[in-house]
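# A structural walkthrough
Each chain is listed here by its residues.
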Amino acid sequence: MTDHSHGHRTVLHLRFVLPTDGDSSLLEGVRALLENITPRVEVIEPETAVLDLTSALPYWKRDARGLTELIQLRALALLGLHSAAGVGPNRMLATMACNLTPPDRRTIIDHSPDAIATFLRTRPVRELPGVGSKTAATLTSYGLHRVADVADLPPATLQRLLGARAGRTLHQRALGHDTTTVDPTSPTPASISTEHRFPRDKLDPAAHRRALLALADDLGTQLRTSGQIAAGLTCTIRYADHTSTRRARTLPEATQHTVLLARTAYTVYESLGLQRARVRRIALRADDLRPAQGASLQLALHSGDEKPLAMEAVADRARARYGHSVIYPAALAVSGQSGRTRSL
């Protein structure tokens, strides 16, 4: 590849496989390692980072594949982290490539129009950024199933279907265009996360929902213990074929209550419209954290939420004294998760 000889931009998207018991210094270690390669690093969360390699390629005297291999090797040797990598001429393509790549591998999209079209045109339209379940349903109802279908559609037609701005943006993305830059000054938003890894790939939606409830319960406990509330929630679902789907939602109101976190997690899950998806891992992240002190009354609470909230307070006191596993939502009893011994 000639990534640095014709003014092309080269973006690397990394997804790390984090240990379940990773310590808090891991993020700093990842950032230090990556900033030793290039100052243009944006660490989005502990498991994800985006790098602009454009200026680093001539400095390291390597092409995109060689430099990516070096970064992955250093992450494994110095931090014990396996990683998947996607490289492309812009941030969108690098991210899409990474989402399709298993750990310890890399997908490189060349800058040539043919290479971009070969990668992009056969992908399902739902993989384009900004295409949620509602937009995907609209597009497929008109026979637009693949990115190629959208790319070949006259822009004016797409704008009539989705609206002027959304249609124009989606058409540009279907052509492989993306102007989003890597911003090293972008602050990492305050967040906490938790995940559930299934022993075997799970098809059962009921098992997926139980995992979501367990994760919401864990997040709620962490938020209340630390005196924080979350204004957003991000759900990431990893499938058996190593692809993943991530959806973020702004909560109706910033909260620390399990019942509201779980309600939003279920809504996000249902919006994905999964059809017999073989799920390997589900992660839930509470975003945009802020102090709970002085927070306004939870207007999003339903009239039937008083009892769950009262029991939540009881559970918190029991966990503070006997440990987190002593009490958990009754809906998790059938799954036997985490060796917990009492239900709520």
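Note that the structure is a prediction, hence the values are computed from the model and not measured.

So, how was this worked out
Residues numbered from 1 in each chain as written. Predicted model: local features only at pLDDT ≥ 70, side-chain atom pairs only at ≥ 80, totals over all residues. Heavy atoms only, no water. Helix = DSSP H or I, 4+ residues; strand = E, 2+ residues; numbered from the N terminus. Buried < 20%, exposed > 50% of the residue type's maximum accessible area, 1.4 Å probe, protein only. Contact = heavy atoms within 4.5 Å. Areas by Shrake-Rupley, 256 points an atom, 1.4 Å probe, with all protein chains shown as cover. Pairing = 2+ DSSP bridges. Axes fitted to C-alpha atoms, helices over the stretch in contact; angles between N-to-C directions. pLDDT = per-residue confidence, 0-100. Expected span 1.5 Å × (residues − 1). Phe/Tyr/Trp six-rings, centres within 6.5 Å; stacked < 30°, edge-to-face > 60°. Lys NZ or Arg CZ within 6 Å of the ring centre and 35° of its normal. Salt bridge = Lys/Arg side-chain N within 4 Å of Asp/Glu carboxyl O. Core = buried A, V, L, I, M, F, W, Y, C linked by side-chain atoms within 4.5 Å. Polar contact = N/O pair within 3.5 Å; in protein donor to acceptor, adjacent residues only side chain to side chain. Left-handed = near helix turned anticlockwise from the far one by under 90°.

### Structural notes on the overall build of the chain
Scanning the chain from terminus to terminus reveals 12 helices and nine strands. Relative to its full complement of 344 residues, the chain shows a buried share of 45%. Contacts spanning at least 24 positions in sequence make up 67% of the contacts within the chain whose residues lie at least 6 apart. With an accessible surface of roughly 17,200 Å², the chain has 52% of that area assigned to carbon and sulfur atoms.

### Re the sheet that holds strand S8 (residues 244-255)
Ordered in space as S6-S9-S7-S8, the four strands form an open sheet in which the pairing is antiparallel. Strands at the two margins of the open sheet, each flanked by one partner only, are strand S6 (191-202) and S8. Between one strand and the next, the sheet's axes are offset by a mean angle of 15 degrees, whatever the strand orientation. Those strands touched by helix H11 (residues 258-271) are strand S7 (228-239), S8 and strand S9 (279-291), and its axis lies near 145 degrees from that of S8.

### Quick notes on the confidence of the model for the chain
Averaged over the chain, the pLDDT score is 83; the fraction of residues at 70 or greater is 79%. Across the chain, strand S5 (residues 106-108) holds the top mean pLDDT of 97, while helix H12 (residues 306-322) sits lowest at 58. For the stretch residues 1-6, pLDDT sits under 50, and the model shows 17 contacts to residues farther than four places along the chain or on other chains. The model gives residues 332-344 a pLDDT under 50, and that stretch makes 35 contacts with residues more than four places away or in other chains.

### Quick look at H11
With 14 residues, H11 extends 20 Å between its outermost C-alpha atoms, agreeing within 8% with the 20 Å of an ideal straight helix rising 1.5 Å per residue. In terms of burial, H11 is a largely internal element, 11 of the 14 residues being buried. Within H11, the full set of buried residues consists of Thr 258, Val 259, Leu 260, Leu 261, Ala 262, Thr 264, Ala 265, Tyr 266, Val 268, Tyr 269 and Ser 271. Once H11 finishes, Gly 273 follows within two positions and takes phi at roughly 60 degrees, a positive value.

### Comments concerning the packing of aromatic side chains
According to the stated counting rule, one finds one aromatic pair in the structure shown. With centroids separated by 5.7 Å and ring planes inclined at 80 degrees, the aromatic side chains of Tyr 59 and Trp 60 adopt a geometry described as edge-to-face. Look at Tyr 59 and you get exposed, because its relative accessible area is 64%. In this structure, Arg 209 packs its charged tip against the face of Tyr 266, placed 3.9 Å from the ring centre.

### Quick word on the pattern of salt bridges
Charged atoms that come close allow side chains of opposite charge to pair. All told, the structure shown has 16 salt bridges when counted by the stated rule. One salt bridge connects Arg 197 with Glu 195, and the closest N-O pair in it is separated by 2.4 Å. On the accessibility criterion, Arg 197 (38% relative accessible area) is partly exposed. On the basis of relative accessible area, Glu 195 is assigned to the partly exposed category, the value being 27%. Taking the shortest distance from any N to any O, the salt bridge between Asp 287 and Arg 285 comes out at 2.5 Å. For the residue pair Asp 287 and Arg 285, the accessibility class agrees, reading buried in each case. In this structure, a network of salt bridges that share partners links the residues Glu 47, Glu 195, Arg 197, Arg 246 and Arg 281.

### Topic: the nonpolar core
Counting 29 residues, the largest nonpolar core has Leu 212, Ile 237, Ile 282 and Leu 284 as its most contacted members. Put simply, the parts of the chain that give this core at least two residues each are S6, helix H10 (205-226), S7, H11 and S9. In terms of residue count, H10 provides more of this core than any other element does, eight residues in total. If sequence neighbours within four positions are ignored, Leu 212 has contacts with Cys 235, Ala 265, Tyr 266, Tyr 269, Ile 282 and Leu 284. Formed by 24 residues, the second largest nonpolar core is a distinct cluster that contains Phe 16, Ile 37, Leu 53 and Ala 56.

### Brief notes about the pairing of S7
A large share of S7 lies buried, amounting to 11 of its 12 residues. Here 11 bridges tie S7 to S9, and the two strands are oriented antiparallel to one another. The residue bridging Leu 233 from the neighbouring strand is Ala 286, located in S9. Judged from the eight bridges that link them, S7 and S8 form a sheet pairing that is antiparallel. Among the inter-strand pairings, Thr 236 is bridged to a residue of S8, identified as Arg 246. Counted along the chain from S7 to the antiparallel partner S8, the turn is four residues long, and its residue His 242 has a positive phi close to 75 degrees.

### Some thoughts on the environment of Arg 173
When you line up the elements, Arg 173 lands in helix H9 (residues 164-174). Spatially, the C-alpha atom of Arg 173 lies 9.6 Å from that of Leu 120, the residues being 53 residues apart in sequence. A distance of 2.8 Å separates the side chain of Arg 173 from the backbone oxygen of Pro 129, its partner in a polar contact.

### Focus on the packing of H10 against H11
Contact geometry of H10 with H11 gives a least axis separation of 8 Å together with a crossing angle of 145 degrees. For H10 against H11, the interelement crossing comes out right-handed. Together, Pro 205, His 208, Arg 209, Leu 212, Leu 213, Ala 216, Asp 217, Leu 219, Gly 220, Leu 223 and Arg 224 of H10 and Thr 258, Leu 261, Ala 262, Ala 265, Tyr 266, Tyr 269 and Glu 270 of H11 make up the contact between the two elements.

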